[in-house]
Amino acid sequence: MPDMPETPAPAPESPERQAAQTLKTLIAERDPLGIVFGVTDEEERYAAYDEVRAIDPDMARSVAGWIVMGRDACFELPRDPRVGKHMPEGMPQATATRAGAAGRVFQSMLNMDPPEHSRVRRLTAKAFTPRAIQRVRGHVERIANELLDGVAEAGHMDVVADFAQQLPIAVIGEILGVPTHDHSRLLGWADIMARAMDVSARADLLLELERVSGEIEEYFLAIFDQRRDQPKDDFLQAMIDARDEGDRLTQEELVSNCVLILIAGFETTVNLIGNGLRALLDAPDQLACLLEDLDRVPQAIEEFLRFDTPGQMVPYRAQAHFEWRSHTINPGDALYLFLGAANRDPRAFGDPHRLDVLRTNAADHVTFASGAHYCLGAALARLEGDVAFRTLLTRCQDLRLADTPERRATQIVRGHARLPVSFRPELKTRP
Ligand code: HEM
């Protein structure tokens, strides 16, 4: 009898298909992770968070770890020494998802634990002084006005492409010593990095990320070389020259700091401006309240940061066994802190789904995280927001939506792809 032909082995499923299948199952089972990552219409995101909150207002157990949505939990957990970024020692570490150049450029302080983190942060913080930040203010004001000069005559613009993206990229370009003619390269790099951050990032995007990481590395190494021969008096130089008892940042650490500043400081600030303006245009009474007195802008910025948070989630890991209120947390447990959900915790913020530019405790938000990794650029982000809104609201009268806004499909980075508005340019001429 002839041999029976062997049944061909099933083709191995691609990791993307497997991930999509797992997500489908989680959605079907209404697992908290499935609920938050199964959102297909970004306008529905906060309703999905409320669904998880109904399971547990502080932290809901999911197959992948804890989905943390309580404001106090998001504030307290990152300050707890039993919480960090890595798996506890002795437990299998997560396999590196990024090798090569992408791996090197992503080795930033954001993914470090003490004492390594404390060292890099201390040295980097020497460049982020209040004086250095204030020095940028004049530059931000000039750029904001130039951008609006460019669209004033037309009386309409896409706030994202024409203003919200251009302002932070000019600021990051300035602090990283990148000349204006290369800002469009920074924009392209930042876009790929933001999209690659999502859980649903596809393999071709990760390959693209590897390619641009090599480019970024080469680009910044060349800038550092130039600075060795021709030092300048600016922010980048302060980072290069930072010393602490003879210690200094290595070339690799400097490159990963530049990448971190680009990732952490660009897209987030774009979305502070875009999400804030969208929220105002959806609530004309709040826009009117702000227009009555532009000195309300700093408080309104805190409310924008709370109301529609630019970075929705930050991941942490439990390093030890401990209890948080009634929850038992085990070493190695993943803690997904949903900052955007925490900022709508009804126990911390009354009527949380309402934009209220006069909200007195808006600054209790956790948008810049908390603890060791608290955003190093928070003061700069607030300054950019302040200048952006004062300039927009002064120079663009009768601001209104000109077409339906379009949200970005990204789930961690929360923002808009398009925000078309119309306005009347201010009448008075500026000096
Ligand atoms: C609205 C704008 C911004 C938001 C919402 C934001 C948010 C955050 C958050 C949530 C973290 C902590 C992440 C974690 O715990 O894993 C963080 C860290 C960081 N941010 Fe920001 N950020 C903003 C703007 C900026 C800007 C403008 C810069 C610099 C130019 C910057 C630089 C950094 C750095 C260097 C860290 C890492 C700190 C560390 O790991 O110790 N950020 N940011």
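Right above here is the structure, for reference.
Summary of the structure given here. Worth saying up front: this structure is predicted, and the values here are computed from it rather than measured.

1. With respect to the environment of Ile-172
Part 1 of the reasoning: Secondary-structure assignment places Ile-172 in helix H9 (residues 166–175).
Part 2 of the reasoning: Of the residues examined, Ile-172 has 24 C-beta atoms within 10 Å and is grouped as buried.
Part 3 of the reasoning: With residues up to four places along the chain from it excluded, the contact list for Ile-172 reads Leu-186, Ile-261, Leu-262, Gly-265 and Phe-266.

2. Section: the site of the ligand
Part 1 of the reasoning: Near the ligand lie 23 residues; those nearest to it are Gly-265, Thr-268, Cys-375, Gly-377 and Ala-381.
Part 2 of the reasoning: Where the shell around the ligand is concerned, the elements lending two or more residues are helix H13 (251–265), helix H14 (267–282) and helix H18 (378–395).
Part 3 of the reasoning: It is H13 that contributes the most residues to the shell around the ligand, four residues altogether.
Part 4 of the reasoning: For the shell around the ligand, the class distribution of residues is 15 nonpolar, seven polar and one charged.

3. Quick notes on the packing of H14 against helix H16 (residues 297–307)
Between two packed helices, the angle of one axis relative to the other and the distance separating the axes together describe the packing.
Part 1 of the reasoning: Two numbers describe how H14 lies on H16: the axes approach to 9 Å, and their chain directions differ by 95°. Taken as axis vectors, H14 and H16 run roughly perpendicular relative to one another. Note on element contacts: H16 touches H14 through Phe-304, Leu-305 and Phe-307, opposite Leu-272, Asn-275, Gly-276 and Ala-279.
Part 2 of the reasoning: Of the residues assigned to the contact of H14 with H16, the class counts are five nonpolar, two polar and no charged.

4. A few points about the sheet that holds strand S11 (residues 396–401)
Part 1 of the reasoning: One open sheet holds the three strands; their spatial order is S4-S14-S11, and the pairing between them is antiparallel. Single-partner strands in this sheet number two, and they are strand S4 (156–158) and S11. If you compare each strand with its neighbour and ignore which way they point, the axes differ by 30° on average.

About the thresholds
- Residues numbered from 1 in each chain as written.
- Predicted model: local features only at pLDDT ≥ 70, side-chain atom pairs only at ≥ 80, totals over all residues.
- Helix = DSSP H or I, 4+ residues; strand = E, 2+ residues; numbered from the N terminus.
- Buried ≥ 20, exposed ≤ 12 C-beta atoms within 10 Å, placed from the backbone.
- Contact = placed C-beta atoms within 7 Å.
- Near = placed C-beta within 6 Å.
- Nonpolar A, V, L, I, M, F, W, Y, C, P; charged D, E, K, R; others polar.
- Axes fitted to C-alpha atoms, helices over the stretch in contact; angles between N-to-C directions.
- Parallel < 35°, antiparallel > 145°, perpendicular 65-115°, else oblique.
- Pairing = 2+ DSSP bridges.

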